[in-house]
Amino acid sequence: MSQIAKEDLSEALARFGWSDFRPGQEEVVRAVLEGRDALCVMPTGGGKSLCYQLPSIVRHDLTLVISPLIALMKDQVDSLQRIGVSATCLNSSLDQEEVSERTRRLIAGEYDLVYVAPERLKSLSFVRTLKSVKVGLLAVDEAHCISEWGHDFRPDYARIGRFRERLGYPQTIALTATATPDVREDIVRTLGLRDPASFVTGFSRPNLRFECETLHQGAEKDERLIDYLESHEGSGIVYAGTRKRCEEVAALIGARTSKSVGVYHAGLDPERRRQVQDDFMAGRLDLIAATNAFGMGIDKRDLRYVIHYAIPGTLEAYYQEAGRAGRDGLPSRCMLFYSPADKRMQSFFIENAFPSKAIVQETYEFLRTRSDQPVEITQQELKDALNLPLGLDGIRACEQMLEKSGAIERIHAHQNLATVRVDTEQVGLDLLVPKNSKNRRLVAHAIESIVGEFRFERVYFRIEDIERKTSLPRASVATALRELSKSEWFDYAPPFRGRAVRVVAPEKPFAALDLDFSELDARKAEEYRRLDCVVQYALSMRCRQAEILSYFGEENAAPCGTCDRCRPEDGGSTSRTPRVVAVASTSVAAGDFARKLLSGVARGKERFGKQIIAQMLVGSDASKIAQLRLDSLSTFGILSDWQLKDVCAALDALLATNLIESFERTRFRPLVRLTMHGEAAMKGGDLPPIPWPPAVASRLDRLERRSAKKPAVTSVAAKPAVAPAVSTESLAARDNAVSGPPSRPVAGDLFPEASAEPAAETADANAAFASAVDADFDDEPAFDDLPRMRTDAAHGSSAPPAAAPKPLPVPKPLASAKAPDADDPFWTRMLNDRGFTVEECARIRRLPLPVVRSHLNLPPDEIF
């Protein structure tokens, strides 16, 4: 770059009110000024727009900006005009007179920047206008919309590559805030960028505190939302999943707080949406309850918080929406409320967006049997006519799939123009018309002059233009166009309002269509994968921002030091008690509680969901529990002193730490099961830190403190009635393994030694307990057929047994198992649940009877 260019660069930067570039901006600007194509991935608030605005005013040539939203264009144009930059936009909000005037000024070279929607690229006259002027730079904003694998794919964006080709491949910069490595590759390929300079500015937003809370009921979310809003000042956005929920959330906020709130979603008329947006931007509203229809390109820099009342479908969408907070660089918060029901809602959206083969066929058959071609019908009308079990996304997917296969063509009204598509390379269309058909030959020649090089695609035109070119009356032109439509190479649609669908070959049966359902299945699977990433983010123990950065390809990101995982103590405001995310310690109470939960999941044998398991653990008297015979399980009611909602929340904490996992055999019916780590932990292995919900953590702390206050009991081993046999080899192996004091466990032991009694006795007792655990969890019988394992010797009975006792099997090795604390009551209770008496429990655990009785909440002198 020359010295003059550098001076111009500084001067241009000052026009925007800045003395320095933000991180990453200068490198992008320099690459653009050097004439290179570029891909710029920069986080929301990072200043992407400057990367094409500044080069435009430095070079004094035309920059054409393709942007998806009218509100975004208006905001950008207004900002540029305020600093004296000549900019405008062309979109559907303008009347024809204003469009004509701005087009005239565009041709005259009076603009530095022109913003257009991607739909305008379908206008033949607009394309010809641009070919008559020099486009110095093509800027594609929100470029992730190009990729079918992105989170916000828009078919009109997919045409930009062809549009760029028509303009002679002008220099191009693609910009987005959210793009994974795969989507970035898709952008470069679809646009046809040539050796682009690629800039991926760090996604990190150090001024944002990312938080997530797991809340199970709608009432919990409502209370937490009100609590959060009352303890945080400033303006904010509350994103809800549906239009109905937006209305409900806004009503709740209006009734329970003093904050002024507006509602914004696609179901409102455009004027209402504009008014709400203007009021919010001007500070007349404190916050907005909105769907994802709100926010793209809205540059309100003083947003102090963004709350997601329900999870979005992708981490791209979440980061883009949450990233609207704190664009002024000041500390701001991003709160996500997670509920398992949210995942079911998003799964429903995914299922609705990817129709089955039967539904696609039904849609096609309906369209191809209609006599009025093209069929003027909206997606809602199509859904209602067929009574399809889909949302509008699903109807749109049906049409997209049929259109991609060439079966149908979707036609959108363009200022009430007629459309035509010429499917031949023939020069001189009138030569394809019989010589005695004078009017048709005249109309064909006129159409050829309008279509020009744009063969094999739809071109919009005015009937008046044909009248003028042919000097024929309108009725004659209309008749000629209808006759020409009977030719295979000529497809005509008269002027209409709204949208229409044309079946290309109505005679072709569905079975003959070239439809690729495997691609649809792949996209559907990808959407579920993305949804799983959102759930993983919500439940992860990892730094929130590091989790997001890893998703976008920034591996080994350092902890942010700000989020609720890094600094849980900052969870509340100064006016309220902090809501911390507690992490499990190695306390006896926490370990006992966790293993009871794991036991309940194991008892479910992969047949039940989390709610049923929780009901079984608390001993619910629900009829379903009895019908399923879950009340006969040994773990039924083992947590009867806990509330159901807390047990459900605790199970979510186990999901977060990969001790249990959720899976589906039937869509929308998630079940739970132990993971390998969960099984090992249940049998005495190490427990990882567990993110207990605040209510659960508080109670566990109280239980631990209460336990610590009890007087210590001297451990004296109880002599067994009959000493079990043990092999010399096992005794020798044990003796050789012991290297520490007797109170230290050895690898493979399930219990620590309580005294210096013979090691063989403890080893055999441990084997008995391990056998009981393994037999109960690894067998396949029904729930009520669990083994009850005793020995006559343990009972002290001299009567011969009715049948020979089943020998206790050799315990299975437990990988990296940690010996449980001798004072941990969980294992005593588990033995007792399996049918062992108090005396047997004492012998197996090598604990005094009073200690065992205290574990079982029995008085010291009660006979069991």
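Residues numbered from 1 in each chain as written. Predicted model: local features only at pLDDT ≥ 70, side-chain atom pairs only at ≥ 80, totals over all residues. Heavy atoms only, no water.

Undergrad: Even after reading the chapter, I still don't get the pattern of salt bridges, so can you show me in this structure?
TA: Side chains that carry opposite charge are capable of pairing whenever their charged atoms lie near each other. This structure, assessed with the given rule, holds 48 salt bridges. Across the pair aspartate 328 and arginine 304 runs a salt bridge, and its minimum N-O distance is 2.9 Å. Taken together, the residues span a long stretch of sequence, with aspartate 328 in the loop between α13 (315-322) and β13 (332-338) and arginine 304 in strand β12 (residues 303-308) at a distance of 24 residues. A network of salt bridges, in which partner residues are shared, links Glu316, Glu526, Glu527, Arg529 and Arg530. (Salt bridge = Lys/Arg side-chain N within 4 Å of Asp/Glu carboxyl O. Helix = DSSP H or I, 4+ residues; strand = E, 2+ residues; numbered from the N terminus.)

Undergrad: Would you explain the pairing of strand β5 (residues 135-140) in this entry?
TA: Side-chain direction in a regular strand flips from residue to residue, so the side chains alternate between the two faces of the sheet. Burial of β5 is extensive: 6 of the 6 residues sit out of reach of the surface. Examined bridge by bridge, strand β2 (residues 62-66) and β5 share 5 bridges and lie parallel to one another. Bridge pairing links isoleucine 66 to valine 140 in β5. Pairing of β5 with strand β6 (residues 172-176), which is carried by 3 bridges, proceeds in the parallel orientation. Within the sheet, the bridge partner assigned to leucine 138 lies in β6 and is threonine 172. (Buried < 20%, exposed > 50% of the residue type's maximum accessible area, 1.4 Å probe, protein only. Pairing = 2+ DSSP bridges.)

Undergrad: What is the right way to read the sheet that holds strand β17 (residues 459-461) from this model?
TA: The pairing of strands in a sheet comes from backbone hydrogen bonds and takes either a parallel or an antiparallel form. Strand order in the open sheet formed by 3 strands is β17-β16-β18, and the pairing between neighbours is antiparallel. For this open sheet the edge positions go to β17 and β18 (490-493), each flanked by a neighbour on one side alone. Between one strand axis and the next, the sheet turns through 25° on average, direction left out of account. In this sheet, β18 lies alongside strand β16 (residues 418-422) in antiparallel orientation, the contact comprising 4 bridges. Bridge pairing in β18 places threonine 419 opposite alanine 493. (Axes fitted to C-alpha atoms, helices over the stretch in contact; angles between N-to-C directions.)

Undergrad: Looking at this model, I keep getting lost on the packing of aromatic side chains. Mind explaining?
TA: Pairs of aromatic rings are described using the distance from one ring centre to the other and the angle between the two planes. The final tally for this structure, using the stated rule, is 15 aromatic pairs. Across the ring face of phenylalanine 280, the terminal group of lysine 300 is positioned such that the distance to the ring centre comes to 5.3 Å. Sitting above the plane of the tryptophan 642 ring, arginine 699 keeps its charged end 4.2 Å from the centroid. (Phe/Tyr/Trp six-rings, centres within 6.5 Å; stacked < 30°, edge-to-face > 60°. Lys NZ or Arg CZ within 6 Å of the ring centre and 35° of its normal.)

Undergrad: How should I be thinking about the nonpolar core in this particular structure?
TA: As a rule of thumb, nonpolar side chains are buried together in soluble globular proteins. Counting 125 residues, the largest nonpolar core has Phe210, Ile447 and Phe461 as its most contacted members. Sorting elements by how many residues they give to this core places helix α21 (residues 517-539) first, with 10 residues. Excluding anything up to four places from it in sequence, phenylalanine 461 contacts Leu417, Ala418, Thr419, Val420, Ile447, Ile450, Ile466, Leu481 and Tyr492. Core analysis: the next-biggest nonpolar cluster, separate from the first, contains 37 residues, Ala602, Leu630, Ala650 and Ala697 among them. (Core = buried A, V, L, I, M, F, W, Y, C linked by side-chain atoms within 4.5 Å. Contact = heavy atoms within 4.5 Å.)

Undergrad: Looking at this model, I keep getting lost on the pairing of β2. Mind explaining?
TA: Counting buried residues along β2, 5 of its 5 residues qualify, which places the element largely inside the surrounding structure. One ladder, built from 4 bridges, connects β2 with strand β4 (residues 113-116); its direction is parallel. Across the sheet, isoleucine 66 pairs through a bridge with valine 116, a residue of β4.

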